[in-house]
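# Structure assessment
Each chain, written out:
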Amino acid sequence: MKKVIAIIGSAQKKATYEAVQEFERNLKSYMDIDFEYIFLKDYQLEFCKGCKLCFNKGEEFCPIDDDRDLIIDKMNHSDGVIFATPNYAFQVSASMKNLLDRLAFIFHRPRFFGKAFTSIVTQGIFGGNSIVKYLSSMGQNFGYNVSKGCVLKTLEPITKVAQDKNSCEIKKAAKRFYKLLSKPVPPSPSLFRLMMFRMSRANMKEMLSDEYYDYQYYKEKGWFESDYYYDVSLNPIKKMIGWMFDFMGSKMSRQK
């Protein structure tokens with residue numbers, strides 16, 4: 001049985017929560033799922049202090065003692081994750097943004113390869129598409145296989161037409177997520193993702209040393225020699241472009 005968690009960045013159990021419930025019902029129509037709700041309002045998450053200890057020494061050196069690691073543990077032990085948030089001021093909610101800030105060290109050391117990710121955004125009028133795009137990027141930065149999320153218009157009083165359209169969007173999003181969940185194979189990286197990996201590691205080689213945890217992590221994982229974060233077959237063109245990114249990254253780092 002697959003384990004899925006829904007991380008909800010709403011303080012109210014209304015539109016966003018109800019959308020996740022409908023998503024759960026649709027997903028369970030395809031397969032048996034152990035589904036868990038994580039309401040960020042119920043967790044103690046302090047604001048990042050900007051000390052960079054998580055980057056330089058490792059996340060265990062974070063000076064804040066709160067529930068961050070409880071959420072990370074749930075992410076580690078799940079096969080898929082849903083980030084659900086209302087549209088607040090054309091962005092994710094404050095609690096959701098705070099979580100993303102506290103997990104930013106994973107962008108340096110991605111880890112959730114082979115796991116599925118999607119998002120649900122509820123809103124009054126507009127702006128949700130850019131939030132879905134943002135969350136998709138965050139999911140990719142974490143290492144997830146990302147399926148396109150959905151934007152739902154939940155302005156009250158909601159009409160029958162809007163309700164039916166939302167249900168249709170949720171159904172399609174659940175199907176996309178199910179396909180990723182049932183075939184957890186990490187994809188071949190896009191040229192952008194390949195560039196980010198190759199140029200980041202070139203920068204680390206030139207500018208960091210064993211005293212930095214990012215450097216140690218890359219070295220332990222063999223990422224200084226690998227084609228990408230995980231075993232993947234790159235076609236000849238991507239291999240050549242990858243070497244070019246290595247060269248460009250090293251040259252730019254030496255010029256700093």
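Preceding this paragraph is the structure being described.
Residues numbered from 1 in each chain as written. Predicted model: local features only at pLDDT ≥ 70, side-chain atom pairs only at ≥ 80, totals over all residues. Heavy atoms only, no water.

### Brief notes about the side chain of D67
As for its position among the elements, D67 is in the loop between α2 (53-56) and α3 (68-76). Buried charged residue D67 carries no salt bridge. Nearest counter-charge: R102, at 9.3 Å. (Helix = DSSP H or I, 4+ residues; strand = E, 2+ residues; numbered from the N terminus. Buried < 20%, exposed > 50% of the residue type's maximum accessible area, 1.4 Å probe, protein only. Lys, Arg positive; Asp, Glu negative; His and termini not counted. Salt bridge = Lys/Arg side-chain N within 4 Å of Asp/Glu carboxyl O.)

### A look at a nonpolar patch on the surface
Together, F90, I125, F126 and L155 make up an exposed nonpolar region whose accessible area comes to about 460 Å². Position of I125 relative to the elements: it lies in the loop between β4 (116-123) and α6 (128-142). Accessibility expressed as a relative area gives 55% for I125, which makes it exposed. (Patch = residues over 30% accessible without salt bridge, like charges linked within 9 Å, V, L, I, M, F, W, Y side chains within 5 Å. Areas by Shrake-Rupley, 256 points an atom, 1.4 Å probe, with all protein chains shown as cover.)

### Some thoughts on unusual backbone geometry
In the segment running from E156 into P157, the intervening peptide bond is cis, with an omega of -5°. With respect to the element layout, P157 can be found in the loop between β6 (150-153) and α7 (160-182). We note that K52 has phi near 70°; this positive angle belongs to a residue other than glycine. Mapped onto the elements, K52 comes out in the loop between β2 (33-39) and α2. Note on K52: relative accessible area 48%, which makes it partly exposed. Unusually for a residue other than glycine, F90 sits at a positive phi of about 65°. One can find F90 in the loop between β3 (80-86) and α4 (94-102).

### Quick word on the side chain of R201
Relative to the elements of secondary structure, R201 occurs in helix α8 (residues 191-207). Judged by relative accessible area, which is 6%, R201 ranks as buried. In contact with R201, other than residues within four places in its own chain, are Y218, W223, F224, E225, S226 and D246. (Contact = heavy atoms within 4.5 Å.)

### Some points on the pattern of salt bridges
Per the stated rule, a full pass over the model turns up 18 salt bridges. Close ionic contact of E59 with R109 constitutes a salt bridge, the shortest N to O distance being 2.9 Å. In this pair, E59 is assigned in the loop between α2 and α3 and R109 in the loop between α5 (105-108) and β4, connecting sequence segments 50 residues apart. By the burial criterion, E59 is buried, and R109 matches it. Across the salt bridge formed by D214 and R109, the nearest N and O atoms sit 2.5 Å from each other. Residue D214 is located in helix α9 (residues 213-221), and its partner R109 is located in the loop between α5 and β4; the two are separated by 105 residues in the primary sequence. One continuous salt-bridge network, built from bridges that share partners, spans R198, R201, D227, K239 and D246.

### What to know about the layout of surface pockets
A volume near 550 Å³ is recorded for the largest pocket. Looking at the largest pocket, it is lined by 22 residues, and the ones nearest its centre are K14, A15, T16, T122 and T154. Listing elements by their share of the lining of the largest pocket, those giving two or more residues are α1 (15-28), β4 and α7. Broken down by element, the lining of the largest pocket gets its largest block of residues, 5 residues, from α1. Each residue belonging to the lining of the largest pocket can be placed in one class, and the counts come to 7 nonpolar, 11 polar and 4 charged. Size it by volume and the second largest pocket reaches roughly 460 Å³. As for the second largest pocket, its lining consists of 24 residues, and the residues nearest its centre are Q140, N141, R193, Y228 and Y229. Sorting the residues of the lining of the second largest pocket by element identifies α5, α6, β5 (145-146), α8 and α9 as the ones contributing at least two each. (1 Å grid on protein atoms, 1.4 Å probe; cavity = no way out; pocket = protein on both sides within 12 Å on 5 of 7 lines; lining within 4 Å. Points joined across faces, edges and corners; volume = space filled by probe spheres on them. Nonpolar A, V, L, I, M, F, W, Y, C, P; charged D, E, K, R; others polar.)

### Description of the nonpolar core
Membership of the largest hydrophobic core comes to 28 residues, with the highest contact counts inside it found for I7, M75, F83, L99, L135 and F142. Breaking this core down by element, the ones donating at least two residues are β1 (2-8), α3, β3, α4, α5, β4 and α6. Among the elements that line this core, the one with the most residues is α6, at 5 residues. The next biggest cluster of nonpolar side chains, apart from the first, holds 23 residues, and it includes V20, F35, A174 and L181. (Core = buried A, V, L, I, M, F, W, Y, C linked by side-chain atoms within 4.5 Å.)

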